[in-house]
Amino acid sequence: MSQASCSSQDGSSKHTCLCGLAANYFTAYTPANAGRRFYKCPRPDVDSCGYFDWVDPILPDRAVNVICKLKSQVDALKFERQKLKEKIVSLEGIDAVNRERDMLKQKVKELEATNQVDRSKVVKLEDDVSKMKVVIVISLFLFACIFSLPV
Ligand SMILES: [Zn+2]
């Protein structure tokens, strides 16, 4: 049924279709019946018993036009809201990337600082090794002198 595609489901009711099921309750938004509520068999159209019952009488043209205009405005606002939600998700993604970049920059700075500390330790250790080499050479020289002295 073409009206179903242009209708909003408003829930179930105590109306029973010919299948014995609680009929679904809709509001039509087709140009001819905008704003009219109706009950319909809850089964898909192929399996439906065909139960269909209008709740409201045919509305005046002015009311139908106003309802159609308001419905299209609501649809446009829903579309705009969805686009804004997608934009927010996109911006949150960019924000997350920026936060990740900032965190990585901070880690690089920390690693550079640690590397600088390590370099100064290496320089100090190299200096200590050089001093130890001198001490060893002098010790060997003195040792050789002591043992080469005639007794
Ligand atoms: Zn039915």
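Residues numbered from 1 in each chain as written. Predicted model: local features only at pLDDT ≥ 70, side-chain atom pairs only at ≥ 80, totals over all residues. Heavy atoms only, no water.

## Section: the overall build of the protein chain
A count of helices and strands for the protein chain gives 2 helices and 4 strands. Listing the helices and strands of the protein chain from first to last along the sequence gives α-β-β-β-β-α. Against the 2.2 N^0.38 benchmark of 15 Å for 151 residues, the protein chain shows a C-alpha radius of gyration of 43 Å, more extended than a compact globule. If one aligns the C-alpha atoms of the protein chain with their principal axes, the spans along those axes are about 135 × 35 × 20 Å. For the protein chain, with 151 residues in total, the buried portion stands at 15%. Look at the contacts in the protein chain between residues 6 or more apart in sequence, and 32% of them connect residues 24 or more apart. Accessible surface computed for the protein chain: about 11,900 Å², of which carbon and sulfur atoms make up 63%. Here the protein chain holds 23 positive side-chain charges and 19 negative ones, and the gap between their average locations is 2 Å. (Helix = DSSP H or I, 4+ residues; strand = E, 2+ residues; numbered from the N terminus. Rg over C-alpha atoms; globule rule 2.2 N^0.38 Å. Buried < 20%, exposed > 50% of the residue type's maximum accessible area, 1.4 Å probe, protein only. Contact = heavy atoms within 4.5 Å. Areas by Shrake-Rupley, 256 points an atom, 1.4 Å probe, with all protein chains shown as cover. Lys, Arg positive; Asp, Glu negative; His and termini not counted. Charge placed at Lys NZ, Arg CZ, Asp CG, Glu CD.)

## Quick word on the pairing of strand E3 (residues 37-40)
In terms of strand pairing, strand E2 (residues 22-28) meets E3 through 4 bridges, oriented antiparallel. Within E3, the position partnered with Tyr25 by the bridge is Tyr39. Direction of pairing for E3 relative to strand E4 (residues 52-54): antiparallel, over a ladder of 3 bridges. Each bridged residue has a counterpart across the sheet, and for Phe38 the counterpart in E4 is Trp54. (Pairing = 2+ DSSP bridges.)

## Quick word on the coordination of the zinc ion
At 2.2 to 2.5 Å from the zinc ion lie its protein donor atoms, namely Cys17 (SG), Cys19 (SG), Cys41 (SG) and Cys49 (SG). Around the zinc ion, the 4 donor atoms are arranged such that angles at the metal cover 100 to 118°; this shape is classified as tetrahedral. Residue classification places Cys19 among the partly exposed residues on the basis of a relative accessible area of 29%. (Donors = N, O, S within 2.8 Å, 3.2 Å for Na, K, Ca; no water. Tetrahedral: all angles 85-135°; square planar, octahedral: opposite > 155°, others 65-115°.)

## Quick notes on the pattern of salt bridges
What the rule picks out here adds up to 8 salt bridges. Of the charged contacts, one joins Lys83 and Glu86 as a salt bridge, the two residues approaching to 3.9 Å between their closest N and O atoms. In this pair, Lys83 and Glu86 are both assigned in helix H2 (residues 61-148), 3 residues apart and thus about one turn of the helix distant. Asp128 is the partner of Lys124 in a salt bridge, and the nearest nitrogen-oxygen pair spans 3.7 Å. Here Lys124 pairs with Asp128, and both are found in helix H2, just 4 residues apart, close to one helical turn. For Asp128, a relative accessible area of 29% translates into the label partly exposed. (Salt bridge = Lys/Arg side-chain N within 4 Å of Asp/Glu carboxyl O.)

## What about the environment of Val46?
Examined against the element boundaries, Val46 turns out to sit in the loop between E3 and E4. Between the alpha carbons of Val46 and Leu142 there is a distance of 111 Å; along the sequence they are 96 residues apart.

## Looking at the packing of aromatic side chains
For the structure shown, the criterion picks out 6 aromatic pairs. Measuring from ring centre to ring centre gives 5.4 Å for Phe38 and Trp54, while their planes differ by 70°; the resulting arrangement is edge-to-face. Separated by 16 residues along the polypeptide, Phe38 in strand E3 and Trp54 in strand E4 bring together distant segments of the chain. By relative accessible area, Trp54 is classed as partly exposed at 25%. A connected cluster of aromatic rings, assembled from ring pairs, spans Phe26, Phe38, Phe52 and Trp54. (Phe/Tyr/Trp six-rings, centres within 6.5 Å; stacked < 30°, edge-to-face > 60°.)

## Observations regarding a nonpolar patch on the surface
Taken together, the side chains of Val134, Ile138, Phe141, Leu142, Phe143, Ile146 and Phe147 define a hydrophobic patch exposed on the protein surface, amounting to about 780 Å² of accessible area. Here Phe143 is to be found in helix H2. (Patch = residues over 30% accessible without salt bridge, like charges linked within 9 Å, V, L, I, M, F, W, Y side chains within 5 Å.)

## Focus: the confidence of the model for the protein chain
Low pLDDT means the predicted coordinates in that region are not meant to be read closely. Summarising the model, the protein chain shows a mean pLDDT of 88, and 91% of its residues fall at 70 or more. Mean pLDDT across the secondary structure elements of the protein chain bottoms out at helix H1 (residues 2-5), with 36, and peaks at E4, with 95. Low confidence marks residues 1-6, where pLDDT is under 50. Its contacts with residues over four positions away, or in another chain, come to 12 contacts. (pLDDT = per-residue confidence, 0-100.)

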